[in-house]
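Structural overview for review
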Amino acid sequence: MDIETFPNPNPERNYTIQHIQEEFTSTCPMTGHPDYATVVFSYAPDEVCIELKAMKLYLHSFRNKGIFFEAATNQIFEDLFAVTKPRWARLETVWRGRGGIRSNVVVEDAQAGYDGPITLPYSA
């Protein structure tokens, strides 16, 4: 799936963007039951920014996909990082509890030498 971007309107500046998708759904590959999460993509854009409708459609593509929390988080991070090529990025997935256990999965990376701002971890 193509994820559209647009030119960063302020590429000369280090700043962060945080997109929060509170209605992410995937499917547990063990039980077939739905898993629900809040997906938080924080990044310091370089040349491009992610287009929100494209991000929403991309995230919706996981709705019926049987995938573990850890795999979903890493796949989303890899795909968004590859398309935006940010100076810095973090993806957090905050999974709803099931059976008394909640899970948060966090992936983070940066371009070599980046020392600009980063956002604080997401707090609902």
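As the structure is a prediction and not an experimental result, all values here were calculated from the model.

1. Describing the UniProt feature "binding site: substrate" (unreviewed entry) in the protein chain
This chain's UniProt record puts "binding site: substrate" (unreviewed entry) on Ile50, Glu51 and Leu52. Along the chain, Glu51 falls in the loop between strand E4 (48–50) and helix H1 (52–60). Residues in contact with Glu51, not counting those within four places in the same chain, are Glu4, Thr5 and Phe6. In terms of polar contacts, Glu51 uses its side chain to reach the backbone amide nitrogen of Ala54, at 2.7 Å. Summarising the element assignment, Leu52 is placed in helix H1.

2. A look at the pairing of strand E3 (residues 34–44)
Counting buried positions along E3 gives nine out of eleven residues, so the element sits mostly inside the fold. Strand direction decides the pairing type here: strand E2 (residues 17–27) and E3, joined by nine bridges, are antiparallel. When the bridges of E3 are listed, Gln21 appears paired with Val39. Bridge count between E3 and strand E5 (residues 88–98): eight bridges; the pairing is antiparallel. Counted as the bridge partner of Ser42 is Arg90 from E5.

3. Some details on the pattern of salt bridges
Summed over all chains, the structure comprises four salt bridges. Residue Arg98 is joined to Asp35 by a salt bridge in which the shortest nitrogen-to-oxygen separation is 2.2 Å. Of this pair, Arg98 sits in strand E5 while Asp35 sits in strand E3, placing them 63 residues apart in sequence. The class of Arg98 is partly exposed, set by a relative accessible area of 39%. For Asp35, a relative accessible area of 4% puts it in the buried group. In this structure, the salt-bridge partner of Glu92 is Arg90, at a minimum N-O distance of 3.9 Å. Take Glu92 and Arg90: they sit in the same class, and that class is buried. It is possible to trace a salt-bridge network through shared partners that takes in Arg90, Glu92 and Glu108.

Parameters at a glance
- Counting restarts for each chain: residues are numbered from 1 in the order of the written sequence.
- Given that the model is predicted, a residue must reach a pLDDT of at least 70 before its local features are reported, and side-chain atom pairs must reach 80 or more before they are shown or counted; all residues, however, enter totals for whole chains, interfaces and linings.
- Here the side-chain values reflect all heavy atoms present in the structure, with hydrogen atoms and water set aside.
- UniProt positions are given in the numbering used here, feature names are shortened, and annotations may be inferred rather than shown by experiment.
- Counting from the N terminus, the helices are the DSSP runs of H or I reaching at least four residues and the strands are the DSSP runs of E reaching at least two.
- Here, two residues are considered to be in contact whenever any of their heavy atoms come within 4.5 Å of each other.
- Each polar contact in these results corresponds to two N or O atoms within 3.5 Å; when the atoms are within protein, one needs to be able to donate a hydrogen and the other to accept it, and residues that are neighboring in sequence are counted only if both atoms are side-chain atoms.
- Relative accessibility decides the category of a residue: with a 1.4 Å probe and only protein chains considered, values under 20% of the type maximum give buried, values over 50% give exposed, and everything between is partly exposed.
- Two strands form a pair only when DSSP identifies at least two bridges running between them.
- Salt bridge, as applied in this entry: a Lys or Arg side-chain nitrogen positioned within 4 Å of an Asp or Glu carboxyl oxygen.

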